[in-house]
Each structure stands twice: as structure tokens, then as C-alpha cells.
Amino acid sequence: MAEDLVLDTAIRDWVLIPLSVVMVLIGVLRHFVAKLMRSNQVPDAKIVKEGQVVVRARNLRASANFIPPKSFRARRLYFSNEENGLLYVPKGQAQNAQAQMFSDPNMAMDMMKKNLSMIIPQTLTFAWVNFFFSGFVAAKIPFPLTQRFRSMLQNGIDLSTVDVSYVSSRSWYFLNLFGLRGLFSLILGEENATDDTQRMMQMSGFGFDPTKSLGAEKDSLDIVQHDWALPKFEQRAEAVLRKAL
Amino acid sequence: MMGHNDSSVAEKKSSDPTNDIPNFNSENLQSNMKTIYYSRTFLSIIGGVIAGISGFTSLTGFIFYFLVMAITSVGLIAKAGFSIHSYFDSWNRVVLDGFFSGLMSFVLFWTFAYDIVHIF
């Protein structure tokens, strides 16, 4: 094990703690700003209708075993019928929905606002950290890493003999960025605006593509094997009542 | 150390045990999953601070993390009264779900406590 550096207490007082406190406060601030700026979105009637159809189909799938086979088949036909079934959408309409999504000004603005509110504080804080807190060892991470991480973690430190565990404040910033998500979910409750990774995942799966979800529902509905679970019901009722007596 | 009582609401029954057919109330199921998540996050933060103060390094620290997660699982199972099936839909949920979600918070607080106590 290499030498055990002893770092100045001033670094702890003026770098580690302020950085963490600032990040927590910025997160809280972002959450409340997002809450205040949330515009009143009038949901598009067509999209809501499609969503509800999907929910109905899903309910049918979940409780298929509780209704007699004939009525289950009748309902299934109602959904996946080729001509006027609710879930059957011709391929031509597929593109329309997405184009509509993009050109809808409200939706685009909302996405933009959410994007900005996430990126700007991060960028600003990162720039602030780089400007003020570079060029010295800030912390020691308790586990060893290979030499490859040196360039990533020890950005401002120009000595190559220092153990990779001693990191610069930039890596403390990143550690905070990822680690405080858990803390935010505890103190702000769910649905807080600081969960960046969730947002990023949503960004990548952009179009709420209604036709794809309808098609998926139709397929899964077609797959369901109906297993009538209630024929033995009289016996079961008898058993339960017998127990109660 | 069973601090998860602070962050967990009483778990709600999500299925009726008298029925043979498993029938789940999805709202309650989701709320139970959230309880698990909160418990794990909270305990991983506390575990991180303890690991830092005790001076665990590298492998010992990660083993401690898994230990904390195991204790969380045991605590959750005990709180559910050992009848998992009336609160969750499978064993995997209670034991494995969210195992790694607390890891980043653990590492953060571990580093923090370790540095404050040992390096400075």
C-alpha cells in the first residue's frame, strides 16, 4: 500500500462539504422550480382514448380466467377483429402519430423545458467545480482502482505517482451526482424532477408510439390461453364455508 | 439498525390469501415495492456511513454492502410476517429487487465518512 496522505482539514471544510450541500440544495431548487413551471397540459383526446383501450385490453388479459370461455372469446374478437377491432390499426397511420408529436408545439416546449432544467444546473455546477476546485487532491476513495482510471479521476493532479485512490474534486462531483439520487428520492418523495437517468431513458424512447403499443397488446391478447378457473367453484365455496362453520 | 421503520408505511395486503388463484391489487403491490425501495436506499446510506467510520476498505466494504442488503431483505420478510405471497408476487421481489440501486449512495456516503474520519 502506498503512503497514506494526510490532507488539510481545510479541504474537508471548504470543498467536500460545501460541494455536497450545494448539490443537494440545487436539486431541491430544481424540484420546486419544475413543480412551479409545470404547465397545464390539456391531454389530447385521441391519445387518452387509445391509452384507455390499452388498459381495457390489459384488464381483459389479466382476468381472462374469471369469465366463461365464450364471453372471453367474444371480447377478444371485439378487440382484435380485423376490420373494426379496437386494437387493429393499419400500418399507414403509424407515421402520423409521431409526426404529430413533434409538431405539437406544447409537447415540444415541455420536452425542451425539462431538458434545459436538467442540463443547465449540471453544466453550471460542473463549470464552477472546475474553476474553483481544481489542481489538488480532494478525497480518497476507499477502494482501489486500476491505473486506467487515473486520467479520469485525477484530472487536475499532475503527479503520476500518487495512488489512484486519491481523486480530484471533479470526481467528487460525479460521485455526488450519482449518489444523491437515492437521497433525493427519500427527501422529496417520488416523482421528483431530479431523477436524471429516468429522464434520459425517456428521452431515448421518444415517441409515445400508440400504434406500437396497440399492436403489442393485440399480440399478447392473441396469445392468451383461456383457462376457465371457476368450474370448481362450487367445491371451493363448499370448502370455505365448511371451514367457517 | 432496523431503521426502515422510519421510511416504510405499513405494507398493504396485495392479494387475498383465501383464494387459490393469485389475484393482485396492483396499487398496493406498487406501494409495497416503493416501500422496499425506500428501505433499501435508507439502509444503504446508513450502511455507507457505518462502513466509512469503521474504516472498511475495498473488498470488505463491498461485502459489508451485501451484508446490509441481506439484512434489509430479512427485515422486510420479517415485517411481512413471513407470508410473502400475500404482499408480493414473488420471492425475487423482496430479496433481489433494488439490490444495486443503493450502491451509488452507499459508495458516496462511504467515501464521505471514510475521508472525514480517516484522512482529514
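Residues numbered from 1 in each chain as written. Chains lettered and ligands numbered in written order. Predicted model: local features only at pLDDT ≥ 70, side-chain atom pairs only at ≥ 80, totals over all residues. Heavy atoms only, no water.

### Things to note about the UniProt feature "transmembrane region" (unreviewed entry) in chain B
All names here are of chain B. Note the threshold: UniProt positions are given in the numbering used here, feature names are shortened, and annotations may be inferred rather than shown by experiment. Labels follow the DSSP assignment, with helices taken as runs of H or I lasting at least four residues and strands as runs of E lasting at least two, numbered in each case from the N terminus.
UniProt records the feature "transmembrane region" (unreviewed entry) for residues 37–56, 62–82 and 94–114 in the present numbering. The span residues 37–56 shows a helical share of 90% and a strand share of 0%, and its end C-alpha atoms are spaced 25 Å apart. Secondary structure content for residues 62–82 is 86% helix and 0% strand, and the end C-alpha separation is 28 Å.

### Details of the packing of aromatic side chains
The relative placement of two aromatic rings is captured by the distance of their centres and the angle of their planes. Counted only if it meets this: Two rings from Phe, Tyr or Trp (for Trp, the six-membered ring) form a pair when their centres sit within 6.5 Å of each other. Planes less than 30 degrees apart are called stacked, planes more than 60 degrees apart edge-to-face, and all others tilted. Buried, partly exposed and exposed residues are distinguished by accessible area as a fraction of the type maximum, computed with a 1.4 Å probe on protein chains only: under 20%, between the cut-offs, and over 50%, respectively.
Under the defined criterion, the tally for this structure stands at eleven aromatic pairs over all chains. Where A:F126 meets A:F174, the ring centres are 5.6 Å apart and the plane angle is 50°; that geometry is what we call tilted. Here A:F126 is found in helix α5 (residues 105–132), whereas its partner A:F174 is found in helix α7 (residues 169–187), with 48 residues between them in sequence. Note on A:W128 and A:F132: the rings are 6.4 Å apart at their centroids and 70° apart in plane angle, and the pair reads as edge-to-face. Residue A:W128 and its partner A:F132 are located together in helix α5, separated by four residues, close to a single helical turn. Of the residues examined, A:W128 reaches a relative accessible area of 29% and is grouped as partly exposed. Members of the aromatic cluster, each reached through a chain of ring pairs, are B:F62, B:Y65, B:F66, B:F106 and B:W110.

### Concerning the nonpolar core
Here is the rule we go by: For the purposes of this section, nonpolar cores are sets of buried Ala, Val, Leu, Ile, Met, Phe, Trp, Tyr and Cys residues that join through side-chain atoms within 4.5 Å. The contact criterion used throughout is that any non-hydrogen atoms of two residues lie within 4.5 Å.
Core analysis: the biggest nonpolar cluster contains 40 residues, and A:L180 and B:F106 have the highest contact counts within it. Sorting the residues of this core by element identifies α1 (9–37), β2 (166–167) and α7 of chain A together with α2 (26–54), α3 (58–79) and α5 (103–119) of chain B as the ones contributing at least two each. Sequence-distant contacts of A:L180, that is, excluding residues within four places in its chain, are made with A:S20, A:M23, A:V24 and B:L108. Formed by nine residues, the second largest nonpolar core is a distinct cluster that contains A:V53, A:A57, A:F72 and A:F79.

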